[in-house]
Amino acid sequence: MRTTAAGRRARRTLAGAGVAVALLAGALSGCQSGGSPDRGERGAQSGPRWNTAPTSVAAAGDSITRGFDACSVLADCPEVSWATGNDPAVRSLASRLLGEAAVPERSWNFAVTGSRMADLPAQLTAAAAHKPDLVTVMVGSNDACRPTASSMTPVADFRSGFERALAQLRAASPASQVYVSSVPDLQRLWEQGKDLPMVRQVWKLGICQSMLADPLSLATGATARREQVRARVVEYNEVLREVCGKDPLCRYDGGAVFQYPFAAEQLSRWDWFHPGKDGQARLAELAHRQVTAAEPPR
């Protein structure tokens, strides 16, 4: 049977259309089944994501997290701790996240009164043994609160201690999230108590002398000393932000605790320095807001 010119042209047109359809189908299939652009996008999104509803909490830090002087003079009171306490007046971070009934079994407090950054690695190692969903860190006040401003922890040592602590936690419990509180503004605490005679007498017992010594003095040396301590706290907080920012499962509070306007009613009635129950409740509220937020603070 002879083929006409028109028939040959028709077949060539259909064949060309079939190739085009096949190429288009292949391109669509490649995009939908994992072509290189999509793999790259998914790869960027496949890193660890922050869990806003952790089911276990371990706390590390110093006297603030131990509730020191919040219930009685010169004594820890962990039941009112902002991080893991079970006092209903405080509603700790753990109780807000887990429910009060689960706090005793699903939270642990490894903070030690008097601790500095150098003590954090051992605390995080102990916390890692429980493989907690969340670890809270509040440390640095004692690095700035020294007998003299010259004896404050050097910033380089503060940084290396924090880096070592996080590295040890990651080695032992890679999936644990870390919430890092900023160091409080110690100068604000001085401002809240310096004009009260009874408070000044208490401070003479040796509380944070780098900031609180000679509380009424406005001499150049005293003013410069307080400014030096505050500047060191700012530097510590920058270290916390930078080091935490390198870990995808670490969330710094964005300076929330440092910036919080603590007033006398939030302070201990025994030393006017540590948080009282009301202050612990404010810390718990700040932490819960940060931990449960979809995005970290900017």
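Here we summarise the structure given alongside this text. (Residues numbered from 1 in each chain as written. Predicted model: local features only at pLDDT ≥ 70, side-chain atom pairs only at ≥ 80, totals over all residues. Heavy atoms only, no water.)

Quick word on the environment of Ala 224
On the secondary structure map, Ala 224 appears in helix α12 (residues 220-245). With a relative accessible area of 40%, Ala 224 lands in the partly exposed category. Along the backbone, Ala 224 and Ala 149 are 75 residues apart, and their C-alpha atoms lie at a distance of 9.9 Å. (Helix = DSSP H or I, 4+ residues; strand = E, 2+ residues; numbered from the N terminus. Buried < 20%, exposed > 50% of the residue type's maximum accessible area, 1.4 Å probe, protein only.)

Thoughts on the pairing of strand β3 (residues 134-138)
Most of β3 is tucked away: five of the five residues are buried. Burial of β3 is two-sided: the residues Leu 134, Thr 136 and Met 138 facing one way and the residues Val 135 and Val 137 facing the other way are all buried. Inspection of the sheet shows β3 paired to strand β4 (residues 177-180) by four bridges, in the parallel sense. Directly across from Val 135, in β4, lies its bridge partner Val 178. (Pairing = 2+ DSSP bridges.)

Quick notes on the packing of helix α8 (residues 155-172) against α12
Packed helices, taken two at a time, are described by their axes: the angle between them and the distance between them. Close contact between α8 and α12 brings their axes to 10 Å; oriented N to C, the two are set at 30°. Accordingly, the angle class assigned to the pair α8 and α12 is roughly parallel. The two elements α8 and α12 cross, and the hand of that crossing is right-handed. On α12, the residues that touch Val 155, Phe 158, Arg 159, Phe 162, Glu 163 and Leu 166 of α8 are Arg 232, Glu 235, Tyr 236, Val 239, Leu 240, Glu 242, Val 243 and Cys 244. Residue classes in the contact of α8 with α12 are distributed as nine nonpolar, no polar and five charged. (Axes fitted to C-alpha atoms, helices over the stretch in contact; angles between N-to-C directions. Parallel < 35°, antiparallel > 145°, perpendicular 65-115°, else oblique. Left-handed = near helix turned anticlockwise from the far one by under 90°. Contact = heavy atoms within 4.5 Å. Nonpolar A, V, L, I, M, F, W, Y, C, P; charged D, E, K, R; others polar.)

Some thoughts on the state of the cysteines
Under the counting rule described, the total for this entry stands at three disulfides. Across the disulfide from Cys 145 sits Cys 208; the S-S distance is 2.0 Å. Between Cys 145 and Cys 208, the S-S dihedral sits near -80°, and the bridge is therefore left-handed. Taken together, the residues Cys 145 in the loop between α7 (141-144) and α8 and Cys 208 in the loop between α10 (197-203) and α11 (209-212) connect sequence positions 63 residues apart. The pair formed by Cys 145 and Cys 208 is uniform in burial state, with each residue classed as buried. Cys 244 shares a disulfide with Cys 250; S-S distance 2.1 Å. (Disulfide = S-S within 2.5 Å.)

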